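# Coordinate analysis (summary)
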Amino acid sequence: MLMVHLAVYWAMQILGNVAFKLGSNSDKSRKWLAAFIAGNMSMAGSIYFLMKIYESMPDNCNLALILAGSGAGIGGQIVLARIFKSRLSRLQWCGIFLCILGAAVVIMGGQQV
């Protein structure tokens with residue numbers, strides 16, 4: 001179930017960020033407000049799944065946080081770049097790779113505890 005909770009959490013976080021970005025591109029206050037509400041609903045709803053992730057890993061809350069946070073952050077970077085046609089530079093791709101590597105190191109180190 002942990003992987004399902006992670007996937008849903010990541011998806012909701014990414015959807016919230018997409019909504020915020022769409023709203024920030026709008027000149028119309030109604031579209032901005034709709035995106036603001038949609039983004040906050042998605043982000044607030046994702047907290048349930050974050051709590052389920054913590055529940056699944058009661059002895060490793062730091063690992064739960066790195067899994068949830070890094071997946072949402074990295075996924076958000078890539079999805080926003082694709083949707084809004086932002087070309088990531090080589091240096092940015094290196095940064096994404098280093099984030100993945102850093103999360104992997106934290107996770108591997110936590111399993112030896």
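Before going into details, it helps to say that this report is about the structure given with it. (Residues numbered from 1 in each chain as written. Predicted model: local features only at pLDDT ≥ 70, side-chain atom pairs only at ≥ 80, totals over all residues. Heavy atoms only, no water.)

## Let's talk about helix α3 (residues 61-83)
Helical geometry: 3.6 residues make up each α-helical turn, so side chains three or four residues apart lie on a common side. Put simply, the rule is: Helical segments are the DSSP runs of H or I of at least four residues, strand segments are the runs of E of at least two, and each set is numbered from the N terminus. Take the residue count of a helix, subtract one, and multiply by 1.5 Å to get its expected span. Classification of residues uses two cut-offs on accessible area relative to the type maximum, computed with a 1.4 Å probe and protein chains only: under 20% is buried, over 50% is exposed, and between them is partly exposed.
In this model, α3 (23 residues) spans 32 Å end to end at C-alpha, consistent with the 33 Å of a helix rising 1.5 Å per residue. For α3, every residue scored as buried is listed here: Leu-63, Ala-64, Leu-67, Ala-68, Ser-70, Gly-71, Ala-72, Ile-74, Gly-75, Gly-76 and Ala-81. Once α3 ends, the next one or two residues include Lys-85, with phi positive near 55°.

## Details of the nonpolar core
Counted only if it meets this: Here, nonpolar core means buried Ala, Val, Leu, Ile, Met, Phe, Trp, Tyr and Cys residues that are tied together by side-chain atoms lying within 4.5 Å of each other. We call two residues contacting when some pair of their heavy atoms lies within 4.5 Å.
Core analysis: the biggest nonpolar cluster contains 13 residues, and Leu-6, Tyr-9, Ile-53, Met-57, Leu-67 and Ala-68 have the highest contact counts within it. Elements represented by at least two residues in this core include exactly α1 (2-24), α2 (29-56) and α3. At five residues, the largest contribution of residues to this core is made by α3. When neighbours within four sequence positions are excluded, Tyr-9 is seen to be in contact with Ser-46, Phe-49, Leu-50, Ile-53, Ala-68 and Ala-72.

## Considerations on the packing of aromatic side chains
Stated formally: Two aromatic rings, drawn from Phe, Tyr or Trp (for Trp, its six-membered ring), form a pair once their centres lie within 6.5 Å of each other, and the interplanar angle then sorts them: stacked below 30 degrees, edge-to-face above 60, tilted otherwise.
Counted under the stated rule, the structure contains two aromatic pairs. Arranged with centres 5.2 Å apart and planes meeting at 5°, the rings of Trp-32 and Phe-36 form a pair that is stacked. Taken together, the positions of Trp-32 and Phe-36, both in helix α2 and four residues apart, correspond to about one turn of that helix. When its relative accessible area of 42% is taken as the criterion, Trp-32 is described as partly exposed.

## Digging into the packing of α2 against α3
The test is simple: Geometry is summarised by axes, namely lines fitted to C-alpha atoms with helices restricted to the contacting stretch, and by angles between N-to-C directions that run from 0 to 180 degrees. When describing relative orientation, an angle under 35 degrees is termed roughly parallel and one over 145 degrees roughly antiparallel, while 65 to 115 degrees is termed roughly perpendicular and anything else oblique. The handedness criterion is simple: a crossing whose near helix is rotated anticlockwise from the far helix by less than a right angle is left-handed, and one whose near helix is rotated clockwise is right-handed. By the convention adopted, Pro, Cys, Tyr, Trp, Phe, Met, Ile, Leu, Val and Ala count as nonpolar, Lys, Arg, Asp and Glu as charged, and the other residues, Gly among them, as polar.
Where α2 meets α3, the closest approach of the two axes is 8 Å, and the angle between their N-to-C directions is 140°. Taken together, the axis directions place α2 and α3 in an arrangement best described as oblique. At the point where α2 passes α3, the crossing takes the right-handed sense. Packed against α2, whose contacting residues are Leu-50, Ile-53 and Tyr-54, the element α3 presents Cys-61, Ala-64, Leu-65 and Ala-68 at the interface. Here the residues of the contact of α2 with α3 are counted per class, giving seven nonpolar, no polar and no charged.

## Quick notes on the environment of Val-106
By the secondary structure assignment, Val-106 is in helix α4 (residues 90-110). Judged by relative accessible area, Val-106 falls into the partly exposed class, the value being 36%. Aside from chain neighbours lying at most four places away, what touches Val-106 is Leu-63 and Ile-66.

## Describing the side chain of Gln-13
Position of Gln-13 relative to the elements: it lies in helix α1. In this structure Gln-13 touches Met-43, Ser-46 and Ala-72, once residues within four positions along its chain are discounted.

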